[in-house]
Amino acid sequence: MSPPAARQRYIANKHENNSLLKKPKKFLNATLRRENEKSGAAKTNNRKYQNERSPENVNVGVHTAFKTFVSARLCSAICADISDCDETYNYWEPLHYIIYGQGLQTWEYSPQYALRSYTYILLQGVPGWIYERIFHPTPILIFYMVRCMLGFGCALMERFMYKSICQEFGVHIGRLWLIFQLFSAGMFISSTALLPSSFAMYFGCAALAAWWQQMYALSVFFMAIATLLGWPFAVLIGLPIAIDMLWRKQMFRTFFMWSAISAATICIPMIVIDSSYFGKLTFAPLNILWYNVFTSHGPNLYGTEPWSYYIVNGFLNFNIIWLLSLLTPMMLVIDFIVVPAKTKSTLNFPRYITLAPYYLWLVVFISQPHKEERFLFPIYPLISLCGAITVDVYQRIFYRLKTLMVQIKAGTVGSHYLDHTMFIAILVMVIGTLLGLSRVFSLYRNYHAPMDLVMELNHFKNSNEYRSSRLYNVCVGKDWYRYPGSFFLPARNFRIRFLKSEFRGLLPAYYADGENATRITHPYFNDMNQENDYMYFPYENCHFLIDFDADKCTSLEPCYSKHSKDWSVMKSLPFLIQEKSNSFFRAFYIPFLTDSYTVYGNFNLLKSKKMKPS
């Protein structure tokens, strides 16, 4: 389905053509002559015809765009690796516990802190639980089912946003945004991640799309979902919406009424569910805000980064589109000065308020010492939007300068600015697409080994050595943060265990057995990231061991694969050694060159030769 603006032009032109065809042929010339004599309609019709042929009106229908989004997101669901250990331990593991009654628990889920919401987990857990109860699939199938569900939800948001962008910013910008989204490495990573920041992206950007279509009630409701069920900091995206409704439009009744309805609809069930799981009155969004903003230690315990971290990370995930998005404010000012035809959006929203969520988010999060890649997920679609706007502005400026130099007469055939500048858009799309695909392929090639390696345990489960009555301990040492999660273990009698390594932070521990395990307060959890020996497992009781051999051996992190008396290599896959590889060629795959500048070690799945019972 085409965007309404283009569709109206198409219907009007079709109606005009049909009315002409219905006239008798012998009267056609006389009719046209009378119209020409009265109002010069022939010239007007010719101009309309040329306008319909303009590249501006060659658009991708909404349904077609949706199909491409679904295809891209399903590819992400199948091929993307888990790039953040927080996703594994804070979301996939509690989800595994909800479905199977077994999983790792982090201190954030301990009742004395209650920073994470079980309501968010249940949104993904209930479909997985139903799937498990009806069809009894292996855990890995549930993992990929949930991922595909997330990808489909992201595609729905992008469909809604594409339609709104075409109406608010124009068909050409919508077309550019579509291409940038499809081939973005950032969207490949974030679209199917089981993270509140991805969830905030789905509903936060859907709220912006509803706002651009003047669906104010829906916009407020989507924003409440993004903030309360997803991530409290997503409120930054909704701040310009609130300013527009309260200050510019003075829609006080609509804003406060739907805010109250949204809060009641979301908060009451959320408080009931979380309080039931934690065993006390709990409102998780308030707890996480308090910890991150008002405590003396907060998230800085987990590392700090310079302001340049997001600049580099943005380029890795969006390449030149990221750089173009940073130039958008300056380009809009130049456009206002240089281009005489002052364009404005279909719905008359000024650019300073429609694009404010993106730059407000950047200002706030770049200023925070603790930085992570996932913190930018909620604004990823806005990076593509601002990049598309910059390309469109540059095309208009280029056309204006060319007009001044070669004196192209306005109104002549082919005088639309896109007729003379499409090579710019095509060049940016080609470069952005190639760099995006190069980054995606590099991520899969360099870092996908842990997910493939753990799945090898399924072959052991089908072998004659396997005993269903035995508990198998799968150990990890220094590579604990690369473990993809319990969904990759073949059965419930496989348990992940942590060996002592050079890492000195707090590791997760298994939920207690029995009912009400989520209500139990454990003494080994703390909010200061202080190490506790309770989490460590005896080396001699390991049946399997996952270890990355990068030829860096210490007493706490030995090269286990070389202990041939204890271990046999069950499977080995290449994994990038970052410090020995060129930074550019490890980030982007360049055929015939990357292999000369990158170094790989062996990521090993080891099997004990002793197989001692636990």
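Rules used throughout
Residues numbered from 1 in each chain as written. Predicted model: local features only at pLDDT ≥ 70, side-chain atom pairs only at ≥ 80, totals over all residues. Heavy atoms only, no water. UniProt positions renumbered as here; feature names shortened; annotations may be inferred. Core = buried A, V, L, I, M, F, W, Y, C linked by side-chain atoms within 4.5 Å. Buried < 20%, exposed > 50% of the residue type's maximum accessible area, 1.4 Å probe, protein only. Helix = DSSP H or I, 4+ residues; strand = E, 2+ residues; numbered from the N terminus. Domains from an automatic or database assignment. Contact = heavy atoms within 4.5 Å. Pairing = 2+ DSSP bridges. Axes fitted to C-alpha atoms, helices over the stretch in contact; angles between N-to-C directions. Parallel < 35°, antiparallel > 145°, perpendicular 65-115°, else oblique. Left-handed = near helix turned anticlockwise from the far one by under 90°. Nonpolar A, V, L, I, M, F, W, Y, C, P; charged D, E, K, R; others polar. Lys, Arg positive; Asp, Glu negative; His and termini not counted. Salt bridge = Lys/Arg side-chain N within 4 Å of Asp/Glu carboxyl O. Expected span 1.5 Å × (residues − 1). Phe/Tyr/Trp six-rings, centres within 6.5 Å; stacked < 30°, edge-to-face > 60°.

As named in an unreviewed UniProt entry, the chain is Mannosyltransferase, taken from Glossina morsitans morsitans. Turning to the chain, the UniProt annotation filed under Subcellular location (unreviewed entry) states: "Endoplasmic reticulum membrane".

Asks: Lay out the nonpolar core in plain terms, naming residues and giving numbers.
Replies: By size, the foremost hydrophobic cluster in this structure holds 169 residues, and its most contacted members are Phe143, Met161, Trp212, Tyr358, Leu385, Phe494 and Phe544. No other element matches the 14 residues that helix α7 (residues 139-168) contributes to this core. Two domains share this core, each providing at least three of its residues, namely domain 1 (111-406) and domain 2 (448-608). Sequence-distant contacts of Met161, that is, excluding residues within four places in its chain, are made with Trp177, Cys205, Ala209, Trp212, Pro381 and Leu382. Residues Phe537, Cys542, Tyr560 and Trp567 belong to the second largest nonpolar core, which totals 8 residues.

Asks: So what's going on with the sheet that holds strand β5 (residues 544-549)? Residues and values would help.
Replies: Overall, mixed pairing links the 5 strands, which are arranged β3-β2-β5-β7-β6 in an open sheet. Strands at the two margins of the open sheet, each flanked by one partner only, are β3 (494-498) and β6 (567-576). Strand-to-strand, the axes of this sheet are offset by a mean angle of 25 degrees, without reference to chain direction. In the sheet, β6 pairs with strand β7 (residues 600-608) via 9 bridges, with the strands oriented antiparallel. Across the sheet, residue Val569 finds its bridge partner in β7, namely Leu606.

Asks: Requested: an account of the pairing of β3, with residues and values cited.
Replies: In terms of burial, β3 is a largely internal element, 5 of the 5 residues being buried. Across 5 bridges, strand β2 (residues 472-476) lies against β3 in parallel orientation. Bridge pairing in β3 links Cys475 to Arg497.

Asks: Provide a residue-level description of the packing of helix α6 (residues 118-135) against α7, including the pertinent values.
Replies: Two numbers describe how α6 lies on α7: the axes approach to 10 Å, and their chain directions differ by 135 degrees. The angle between α6 and α7 falls in the class oblique. Along this stretch, α6 crosses α7, giving a crossing that reads as right-handed. From α6, Leu123, Gln124, Pro127, Gly128, Tyr131 and Glu132 reach across to α7, where they touch Leu141, Ile142, Met145, Val146, Met149 and Leu150. For the contact of α6 with α7, a count of residues per class yields 9 nonpolar, 2 polar and 1 charged.

Asks: With reference to specific residues and values, describe the environment of Tyr597.
Replies: If you trace the backbone, Tyr597 turns up in helix α24 (residues 594-597). For Tyr597, a relative accessible area of 41% corresponds to the partly exposed category. Along the backbone, Tyr597 and Asn582 are 15 residues apart, and their C-alpha atoms lie at a distance of 5.5 Å. Not counting the four nearest positions on each side in its chain, Tyr597 is found in contact with Ser581, Asn582 and Phe585.

Asks: Explain the side chain of Asp81 residue by residue, including any values.
Replies: One can find Asp81 in the loop between α4 (62-79) and α5 (85-100). Of the side chains with opposite charge, Arg147 lies nearest to the buried Asp81, which makes no salt bridge, at 6.9 Å. If we ignore the near neighbours within four places in the chain, the residues touching Asp81 are Arg147, Leu443, Tyr447, His448 and Met451.

Asks: How would you summarise the UniProt feature "transmembrane region" (unreviewed entry) in the chain if you had to cite specific residues and measurements?
Replies: In the numbering adopted here, UniProt assigns the feature "transmembrane region" (unreviewed entry) to residues 141-162, 174-195, 215-243, 255-273, 315-337, 349-367 and 420-441. Regarding residues 255-273, the helix share stands at 100% and the strand share at 0%, and the terminal C-alpha atoms are separated by 27 Å. Annotated as 100% helix and 0% strand, the span residues 420-441 places its first and last C-alpha atoms 34 Å apart.

Asks: Let's hear about α4: which residues, and what values?
Replies: If you check α4, its first and last C-alpha atoms are 26 Å apart, about what 18 residues at 1.5 Å a residue would give, namely 26 Å. For α4, the complete set of buried residues consists of Val62, Ala65, Phe66, Phe69, Val70, Ala72, Arg73, Ser76 and Ala77. For α4, the elements touching its buried residues are α7, α8 (171-182) and α9 (185-190).

Asks: Outline the packing of aromatic side chains, listing residues and values.
Replies: Across all of its chains, the model carries 62 aromatic pairs by this definition. When the ring of Tyr466 is compared with that of Tyr472, the centres are 5.8 Å apart and the planes differ by 25 degrees; the resulting orientation is stacked. Assessed through its relative accessible area of 0%, Tyr472 is described here as buried. Centre to centre, the rings of Tyr472 and Phe494 are 5.1 Å apart; their planes meet at 25 degrees, and the pair counts as stacked. Taken as a pair, Tyr472 in strand β2 and Phe494 in strand β3 lie far apart in primary sequence, 22 residues in all. Pair check on accessibility: Tyr472 and Phe494 agree, each one buried. Put simply, the rings of Tyr89, Trp480, Tyr481, Tyr483, Phe498 and Phe503 pair up and form one aromatic cluster.

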